[in-house]
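Letter by letter, the chains look like this.
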Amino acid sequence: MIEDLLQHNKTWAAERVASDPDYFRRLSGLQAPQYLWIGCSDSRVPANVITGLEPGEVFVHRNVANLLHPSDLNGLSVLQFAVEVLRVSHIIVCGHYGCGGVAAAVDGQRHGLIDHWLRPIKDLHERFEADLATLPDARARLARLCELNVEQTVMRVVQTPVVQDAWRSGRLLSVHGWVYGLDDGVIRDLGCTIASNHDARRFRRQPVGE
Ligand SMILES: [Zn+2]
């Protein structure tokens, strides 16, 4: 029932105040998160819950399949605000295995407008087709595509003027690629952390034969 949500909220707020009378006063006075999270909208991957972070500790942007299009005004505005105003030190791109958005991009069906949103994953799939074909089954191929998609979003974040300007001004800012497992609740670090253009050049992944 929808009314239950409001009732749960009242209980939650009262419990917070009971254990820390200044909790909301402090939180409402200052937002200073260290992290920007770019994740999938999937209801099973809530940033705060799976990382153990409290309200105020992570600035969150989520969309279907954790993408960043070069002309995505929403995503780019979040990125700029997080980097230039909140001055986060870490940007985390977190995808997840079994992502319905990633699967929909390559299932050969038509899904409407979302197909346009998912186009970068379709392109990625075509580009890495030979690599993916070496994997044993469809589940493994989807898992790998979820990882490649995170890496691609990491590269897209890095290439934005927002991140480039931050580095040019000497800011310490790292972009991380993670994948969450729906099966076990564990986050894997893909080891593609980029903290400079030197890292980005070293990391750039190429398909076999390219
Ligand atoms: Zn997803």
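Residues numbered from 1 in each chain as written. Predicted model: local features only at pLDDT ≥ 70, side-chain atom pairs only at ≥ 80, totals over all residues. Heavy atoms only, no water.

(A) How the structure looks around the domain arrangement of the chain. We note that the domain assignment places domain 1 (1-30) and domain 2 (32-205) within the chain. Using C-alpha coordinates to define each centre, domain 1 is positioned 31 Å away from domain 2. Taken together, the contacts link five residues of domain 1 with four residues of domain 2. Of all residues in domain 1, R16, L27 and L30 give up the largest surface area on contact with domain 2, accounting jointly for 75% of the area buried on that side. In this assembly, domain 1 and domain 2 are joined by one salt bridge. On inspection of domain 1 and its partner domain 2, the count reaches one residue pair in polar contact (both at pLDDT 80 or more). Elements that contribute at least two residues to the side of domain 1 that touches domain 2 include exactly α1 (2-19) and α2 (23-29). Counted by class, the side of domain 1 that touches domain 2 contains four nonpolar, no polar and one charged residues. (Domains from an automatic or database assignment. Contact = heavy atoms within 4.5 Å. Buried area = accessible area lost by both parts, 1.4 Å probe. Salt bridge = Lys/Arg side-chain N within 4 Å of Asp/Glu carboxyl O. Polar contact = N/O pair within 3.5 Å; in protein donor to acceptor, adjacent residues only side chain to side chain. Helix = DSSP H or I, 4+ residues; strand = E, 2+ residues; numbered from the N terminus. Nonpolar A, V, L, I, M, F, W, Y, C, P; charged D, E, K, R; others polar.)

(B) Quick look at the layout of surface pockets. What the largest pocket holds in volume is close to 240 Å³. R127, Q152, M155, R204 and R205 are the residues nearest the centre of the largest pocket, which is lined by 13 residues in total. Elements represented by at least two residues in the lining of the largest pocket include exactly α7 (119-127) and α9 (138-158). With five residues, α9 is the single largest residue contributor to the lining of the largest pocket. Approximately 210 Å³ is the volume found for the second largest pocket. The wall of the second largest pocket is formed by Y97, G98, R139, L142, A143, G181, L182, D183, D184 and R188. For the lining of the second largest pocket, the element with the most residues is α9, which contributes three residues. Of the residues in the lining of the second largest pocket, the class split is four nonpolar, two polar and four charged. (1 Å grid on protein atoms, 1.4 Å probe; cavity = no way out; pocket = protein on both sides within 12 Å on 5 of 7 lines; lining within 4 Å. Points joined across faces, edges and corners; volume = space filled by probe spheres on them.)

(C) Highlighting the sheet that holds strand β5 (residues 187-189). Spatially, the five strands line up as an open sheet ordered β2-β1-β3-β4-β5, and their pairing is mixed. Of all the strands in the sheet, just β2 (58-63) and β5 have a single pairing partner and so form its edges. The mean inter-strand angle of the sheet, taken between neighbouring strand axes irrespective of direction, is 25 degrees. Where strand β1 (residues 35-40) meets β2, six bridges bridge the pair, whose relative direction is parallel. Among the inter-strand pairings, Y35 is bridged to a residue of β2, identified as V58. The strands touched by helix α4 (residues 73-85) within the sheet are β1, β2 and β3 (90-96), with β2 carrying the most contacts at an inclination of about 170 degrees. Most of the contacts of α9 go to strand β4 (residues 174-180), to which it runs at about 160 degrees, and overall it touches β1, β3 and β4. (Pairing = 2+ DSSP bridges. Axes fitted to C-alpha atoms, helices over the stretch in contact; angles between N-to-C directions.)

(D) How the structure looks around α4. Between its first and last C-alpha atoms α4 spans 17 Å; for 13 residues at 1.5 Å apiece the expected length is 18 Å, and the two agree. Residues of α4 that are buried include every one of G75, V78, L79, A82 and V83, and no others. Axial view of α4: buried residues confined to an arc of 115 degrees, hence all on one face. Within α4, the exposed residues directed more than 90 degrees away from the buried face are L73 and V85. On the buried face of α4, the contacting elements are β1, β2, β3, α9 and α10 (161-168). You can read the cap of α4 off the contacts: a side-chain oxygen lies 3.2 Å from the backbone nitrogen of N74, and it is on D72. R87 lies just past α4 and shows a positive phi near 55 degrees. (Expected span 1.5 Å × (residues − 1). Buried < 20%, exposed > 50% of the residue type's maximum accessible area, 1.4 Å probe, protein only. Arc of directions from axis to C-beta.)

(E) Here's a closer look at the coordination of the zinc ion. Bound to the zinc ion on the protein side are C40 (SG), H96 (NE2) and C99 (SG), at distances that span 2.1 to 2.3 Å. Between the donor residues of the zinc ion, the gaps in sequence give the motif C-x55-H-x2-C. Note that C40 is positioned in strand β1 and H96 in strand β3, a separation of 56 residues in sequence. Here the two residues C40 and H96 agree in accessibility, since each one is buried. (Donors = N, O, S within 2.8 Å, 3.2 Å for Na, K, Ca; no water.)

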